[in-house]
Protein chains: 2
Amino acid sequence: MMAVMDASDVVTTPSPLYARHAKTLERALSAIADRGYWSAYPESPSPRVYGETAAAEGEAAFRGYLGADFPLDQPGAGDRVATEASPFGIDLGVRYPHADADTLLAAARAALPGWRAAGPPARVGVCLEILARLHAHIFELANAVHATSGQAFVMAFQAGGAHALDRALEALAYSYAEMTRHPGSARWEKPAGRGEPLTMTKTFHVVPRGVALVVGCNTFPTWNSYPGIFASLATGNPVVIKPHPGAVLPLAITVRYAREVLAEAGFDPNLVQLAAEAPGEGLASTLALRPEVRIIDFTGSTEYGDWLEANARQATVYTEKAGVNTIVVDSTDDFAGMCRNIGFSLTLYSGQMCTTPQNILIPSGGIATDQGWRSFDEVAAGIAGAVGKLTADPARAVELTGAIVNDGVSARLDEVAGLGTVLLASRELAHPAYPDAVVRTPALVRLGAADVAIYGREWFGPISFLVETDSTAHSLEIFRETVTERGALTAAVYATDSTVLDAAEAAAVDAGVHLSCNLTGGVFVNQSAAFSDFHASGANPAANAALTDGAYVAGRFRIVQSRRPG
Amino acid sequence: MMAVMDASDVVTTPSPLYARHAKTLERALSAIADRGYWSAYPESPSPRVYGETAAAEGEAAFRGYLGADFPLDQPGAGDRVATEASPFGIDLGVRYPHADADTLLAAARAALPGWRAAGPPARVGVCLEILARLHAHIFELANAVHATSGQAFVMAFQAGGAHALDRALEALAYSYAEMTRHPGSARWEKPAGRGEPLTMTKTFHVVPRGVALVVGCNTFPTWNSYPGIFASLATGNPVVIKPHPGAVLPLAITVRYAREVLAEAGFDPNLVQLAAEAPGEGLASTLALRPEVRIIDFTGSTEYGDWLEANARQATVYTEKAGVNTIVVDSTDDFAGMCRNIGFSLTLYSGQMCTTPQNILIPSGGIATDQGWRSFDEVAAGIAGAVGKLTADPARAVELTGAIVNDGVSARLDEVAGLGTVLLASRELAHPAYPDAVVRTPALVRLGAADVAIYGREWFGPISFLVETDSTAHSLEIFRETVTERGALTAAVYATDSTVLDAAEAAAVDAGVHLSCNLTGGVFVNQSAAFSDFHASGANPAANAALTDGAYVAGRFRIVQSRRPG
């Protein structure tokens, strides 16, 4: 006789967590099908939304982690690592458990069978509960993102909290839809002439790929990691999260609450583990090459993303890398609004978003506007003026710029003077609350169309180029060529003529980049809305995947079928 | 002013071909969601189904191609290649146009923008019309598959005609569903406190990846190629089809009618091109490494599939390779039916299906059956007897076995005597209709569990091993290990106890292979039904994709969005 199998993934036991969050999932499923506006997690940190005590409690919880061992009971040798240095100069000193690849992967693999056997609804129910738990701790998360990324607090709350949770829920909805597009079982009855029909009962098992590795970045530790974490987890894969050494805390908090929920629901908490590393350890590369790792999500440099794609051959690799985000300026019926909108996009988080525009292409002869013809210099002055206005008052400016995330950005800023005519020099601002914070305002540099060696690559940080072109047609040619070759996450166009907008849209389709047209109000090119905007396209070198679509989730699991007569 | 863009992929003009086939598509969409029985193309070549003249007309059309220039007006240097040698000895001598990679890829790329701009419904409409056109020529296709693959005629009609068309339609339905899971446009309206809401109109463009390459195989030139061809074409990618040099005609006929329909519908016929090659030219490798080629579908050897995956890094590569298909025999309540069913599976197309069982694992102590306990030798004799009965009369046998596809299979058959105890020797049969055909019946060889160096790799052709194991638990262990390491496209189990069936199913889920249980009637382990059975899983080394699921189509296109205020 055979031993009884430990669990069947056919039988999906009723899941109380799935039932608890079924309405949220249902709404998310309709949102991803409609792609209109929806958000599940309020983005305003106001006490009217979150209650009078939430902010203080969250900050206290954050403070409680500082200078202490982070509470995480995952397998490991018992030693600790502390690698974070806050861009604001906040003394963090959080000590994280340290584990080697063998330990992490063995624990992850051991956790897989029970999670696979739980089936899609139970897994998605647990993931939804994890999101609810994280949402209950959103101020704690926001403080951690703020302190480690250098984002101003409100931005950290929104991008690192509410919007990250929305993106996670979006990924969950796609994962659920993909896993359930086929029934769990089906009856097959084939007519056989005058004889009895042939009949089979078929069972379709959702089978995860293996261990999933998520490699986080310094600037958006949660927003860029959550879709991969939750898409992999929901589809049955244990997840090992390797945070950027400079932004561990937001993901450590995430792992903490994920493990808490998993354990409460009766699952192995090692389905979610933190892979904090010592300086120079290179743990991401060690993990990425292990045969157990079958899925990798990465956000960061083109160099490392390309390395992962080339070397982690046993895994499906999803990357978001660098690019040259571009604005084509042809004409506008709201010159002031255009300058204000572009100025805001350049200033927000000191241009340290992967979506910040870098190249602004303007005809050398100027453009038509509602204020009459504006020369190249006048357009440049308009944008520079908008940036200047937003950064004039340091106390207000820092709530927009945040702090410079690392020395590399500062060093790059120091280089710009040698590149071309500096139209707006970067200034250092004193942060009223954090005397050690490095705050620097955007630099604007004028280049010629021939300077493609400069503007044809990414200058990450508050560095943008105003590039003189012969005409809008020339601008579109440069746009098409640079984005096709170097990639981009965002593009924008300003034009009053629909023919020009259509031509820009055709160029964007050719280059495979998302386009925003005539943004002059409260929507900015560097912001994408979960459930409606796709982030990255996977159609140019800046990323090989989009957040979030069918392709992003479909490869994270396989169907294995069994058929029996009857 | 800008030049007006040549075409917009936003505007999808009404498509008469889509309208013509909308009901078929609708039925296919519900079939892929239900995964019950459905077929769009009758598998019986009977005159009652296809009319009295269809068979003769199809054969005449096939004969018309022989010894002549194949009528295909695609770009090329004007020279011709003829590389086919029929396993039945039919004198083919069809001369195909020959083109180099530059010519093919330039033509394909030039065809892309107009096809992309047509939009999903128009493209799917054209593809459905191509299927209808091919169906109208199904006897012509069946003769071509029969003559080039060595399949008996009825099998060629079914697998190479009706079932191939069903698989193509299945891939089309998935492609349509995936492209339309997001709307073509959406309005986004975000509340903004007491102010006016923020509003944007968003357009979502389906953007193909680039040129798609399909590399066909000798044994199933249409069945294994159609899903990739139609999934890539429907999602907007021009397709270059590189047939196996031994089975060009079925795909040349396919290309002919596809081009005919494309041209009639006003599209560039170079969206589908044949890449016939001269002996030793290595055109597949040349094409596979070109940057324009972004998608590759391949069926064939593990060696070449692995080479493609490792080297065609610019492309998404879908491969179906070799494996060790396995049957675990534990017990049965229909010994005669089991032997008959296994015998049929081994004999069909002389074991030259990628799904033919190779390793039959039987406890050395024998098994319980409805006829009492049967020793290992008795089980082996039962299976050998079933094969013997099916192959006793050459005239009837050849309608099941067809012919040996190439000398490699014959050479392998000649090796088996040295491997272990030959329980059933392969016999050469004279084909009544084709004196030059090489027809060989299945060989059965007894091996020990320790002979994993032999049974642990694929022996393509009518070669199966009856492997003595200690117990069913031991069989399952061997099954799990060999399939995990070497892959498999199919697996089967015979057991009367549901505990054993469940244990086999658990092992199949672990190894990532589809399992058939207790097949004793008219369903065979080597046959998979479109719309219901998944072919290959992508979860073991035998294939990295399944025919057909969401993952198979989702990566063939990307979404590029544009958003405008209002």
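These numbers were taken from a predicted model, which means no experiment stands behind them.

Draft legend 1. The arrangement of the overall build of chain A in detail. A tally of regular secondary structure across chain A gives 19 helices and 21 strands. Here the C-alpha atoms of chain A give a radius of gyration of 25 Å, agreeing with the 24 Å that 2.2 N^0.38 yields for 566 residues. Taken along the three principal axes of its C-alpha coordinates, chain A extends 85 × 70 × 45 Å. With 566 residues in all, chain A has 62% of them scored as buried. A fraction of 75% describes how many contacts in chain A between residues 6 or more apart in sequence connect residues 24 or more apart.

Draft legend 2. Layout of the nonpolar core. Core analysis: the largest hydrophobic core is formed by 402 residues, its most contacted members being Leu172, Ile296 and Ala504 of chain A together with Leu172, Ile296 and Ala504 of chain B. Setting aside anything within four residues of it in sequence, one finds Ala504 of chain B in contact with Val328, Leu476, Val493, Ala495 and Leu515 of chain B.

Draft legend 3. Here's a closer look at the relation of the copies chain B and chain A. By a simple turn and slide, chain B fits onto chain A: the slide is 0.0 Å along the axis, the RMSD is 0.0 Å, and the turn is 180°. Put plainly, the chains are arranged around a two-fold axis. Residue Ala551 of chain B of chain B places its C-alpha closer to the rotation axis than any other residue of that unit, at 3.3 Å. A shared interface surface links the copies, since 99% of the contact residues of chain B are contact residues in chain A too.

Draft legend 4. Examining the interface of chain B and chain A more closely. Facing 69 residues of chain B, the contacting portion of chain A comprises 70 residues. Here the side of chain B that touches chain A is composed, by residue class, of 33 nonpolar, 19 polar and 17 charged. In terms of strand pairing, strand E21 (residues 557-565) of chain A meets strand E20 (residues 515-517) of chain B through two bridges, oriented parallel. Along E20 of chain B, the bridge assignment pairs Ser562 of chain A with Leu515 of chain B.

Draft legend 5. The arrangement of the domain arrangement of chain A in detail. All names here are of chain A. Domain annotation for chain A reports domain 1 (22-321) and domain 2 (326-517). Look at where the C-alpha atoms of domain 1 and domain 2 centre, and you get two points 33 Å apart. Counting residues at the interface gives 15 residues for domain 1 and 17 residues for domain 2.

Draft legend 6. Just the sheet that holds strand E8 (residues 293-299) of chain B, in detail. All names here are of chain B. Taken together, the five strands give an open sheet; going across it, the order is E7-E6-E5-E8-E9, and neighbouring strands pair in parallel fashion. In the strand order of this sheet, the two ends are held by strand E7 (272-274) and strand E9 (316-320), each with one partner. Within this sheet the neighbouring strands show an average axis-to-axis angle of 15°, counted without direction. The strands touched by helix H8 (residues 226-234) within the sheet are strand E5 (211-215), strand E6 (239-242), E7, E8 and E9, with E6 carrying the most contacts at an inclination of about 165°.

Draft legend 7. Local environment of the pairing of strand E18 (residues 463-469) of chain B. All names here are of chain B. In terms of residue burial, E18 counts as a mostly covered element, since seven of its seven residues are buried. Side chains of E18 alternate between two faces, with Ile463, Phe465, Val467 and Thr469 and Ser464, Leu466 and Glu468 buried alike. In this structure, strand E17 (residues 443-448) lies alongside E18, joined through six bridges in parallel fashion. Each bridged residue has a counterpart across the sheet, and for Ala443 the counterpart in E18 is Ile463.

Draft legend 8. How the structure looks around the packing of helix H12 (residues 335-347) of chain B against helix H13 (residues 376-390) of chain B. Residue and element names in this part refer to chain B. Across the interface, H12 lies against H13 with an axial gap of 8 Å and an inter-helix angle of 55°. As summarised for this structure, H12 and H13 are arranged oblique, according to the angle between their axes. The element H12 and its partner H13 pack so that their crossing is right-handed. Here Phe335, Cys339, Arg340, Ile342, Gly343, Phe344, Leu346 and Thr347 of H12 lie close against H13, whose contacting residues are Gly382, Ile383, Gly385, Ala386, Val387 and Leu390. The residue inventory of the contact of H12 with H13, partitioned by class, reads nine nonpolar, four polar and one charged.

Draft legend 9. Looking closely at the environment of Gly305 of chain A. By the secondary structure assignment, Gly305 of chain A is in helix H11 (residues 302-311). Sequence-distant contacts of Gly305 of chain A, defined by excluding residues within four places in its chain, comprise Phe298, Gly300, Thr319 and Lys321 of chain A.

Draft legend 10. Focus on helix H7 (residues 153-179) of chain B. All names here are of chain B. Between the first and last C-alpha of H7 there are 37 Å, a value that for 27 residues agrees with the 39 Å anticipated at 1.5 Å per step. Of all bends in H7, the biggest is about 35°, found at Ala164. Along H7, 25 of the 27 residues are buried, which leaves the element largely enclosed by surrounding structure.

Draft legend 11. The sheet that holds strand E14 (residues 421-424) of chain A, seen in detail. Within the open sheet, the ten strands sit side by side as E14(A)-E17(A)-E18(A)-E11(A)-E10(A)-E19(A)-E20(A)-E21(B)-E4(B)-E3(B). Their pairing is mixed. A single partner strand is all that each edge strand has here, and the edge strands are E14 of chain A together with strand E3 (185-190) of chain B. Taken pair by pair, the neighbouring strands of this sheet meet at an average axis angle of 25°, ignoring direction. By the bridge criterion, six bridges tie E3 of chain B to strand E4 (residues 198-208) of chain B in an arrangement that is antiparallel. In the sheet register, Ser185 of chain B faces E4 of chain B, and the bridge partner there is Thr203 of chain B.

Draft legend 12. Spotlight on unusual backbone geometry. Following Leu547 of chain A, the chain continues into Thr548 of chain A via a peptide bond in cis, with omega recorded as -15°. When you line up the elements, Thr548 of chain A lands in the loop between strand E20 (515-517) and helix H19 (550-554). A positive phi angle is found at Arg35 of chain B, which is not glycine, with a value near 60°. Take Arg35 of chain B: it is sitting in the loop between helix H1 (16-34) and helix H2 (47-50). For Arg35 of chain B, a count of 23 C-beta atoms within 10 Å corresponds to the buried category. The backbone of Ala536 of chain B shows a phi angle near 65°, a positive value even though the residue is not glycine.

Draft legend 13. Region of interest: the pairing of strand E6 (residues 239-242) of chain A. Residues and elements named next belong to chain A. Residue alternation in E6 divides its side chains into two sets, Val239 and Ile241 and Val240 and Lys242, and both sets are buried. Here four bridges tie strand E5 (residues 211-215) to E6, and the two strands are oriented parallel to one another. Bridging across to E6, Val214 finds its partner in Ile241. Once you follow E5 into helix H8 (residues 226-234) and on to E6, the crossover reads as right-handed. With helix H9 (residues 249-264) bridging E6 and its parallel neighbour strand E7 (residues 272-274), the resulting β-α-β unit is right-handed.

Conventions and cut-offs
- All residue numbers here refer to positions counted from 1 along the written sequence of the relevant chain.
- Here the convention is simple: chains get letters from A, ligands get numbers from 1, in the order in which they are written.
- Predicted model: local features are reported for residues with pLDDT of at least 70 only, side-chain atom pairs are reported and counted for 80 or more only, and whole-chain, interface and lining totals are derived from all residues.
- Runs of E in the DSSP output that reach at least two residues are strands. Runs of H or I that reach at least four are helices, and both are numbered from the N terminus.
- Put simply, the radius of gyration uses C-alpha atoms, and a globule should come to 2.2 Å times the residue count raised to 0.38.
- Residue burial is a threshold on neighbouring C-beta atoms within 10 Å of the residue's own C-beta, all placed from the backbone, with 20 or more meaning buried, 12 or fewer meaning exposed, and counts in between meaning partly exposed.
- What counts as a contact here is a pair of residues whose C-beta atoms, placed from the backbone, lie within 7 Å.
- By definition, a nonpolar core groups buried Ala, Val, Leu, Ile, Met, Phe, Trp, Tyr and Cys residues that connect through C-beta atoms lying within 7 Å of each other.
- To line up the copies, we fit them by least squares on C-alpha atoms, keeping just the residues with pLDDT of at least 70 in both.
- The nonpolar class holds Ala, Val, Leu, Ile, Met, Phe, Trp, Tyr, Cys and Pro. Asp, Glu, Lys and Arg form the charged class, and all remaining residues, Gly among them, are polar.
- Any two strands are treated as partners once DSSP identifies two or more bridges connecting them.
- An automatic or database domain assignment supplies the start and end points of every domain.
- The axes used here are C-alpha line fits, helices contributing only the stretch in contact, and every angle between their N-to-C directions lies in the interval 0 to 180 degrees.
- An angle below 35 degrees is treated as roughly parallel, one above 145 as roughly antiparallel, one from 65 to 115 as roughly perpendicular, and anything else as oblique.
- Crossings are classed by handedness, with left-handed meaning an anticlockwise turn of the near helix from the far one by less than a right angle and right-handed meaning a clockwise turn.
- Here the expected length of a helix is defined as 1.5 Å per residue gap, with one fewer gap than residues.
- A residue's bend is the angle separating two fitted axes: one through the seven residues that end there, the other through the seven that start there.
- Crossover handedness is defined here as right-handed if the route from the first strand over the helix to the second strand goes clockwise, with the strands pointing away from the viewer.

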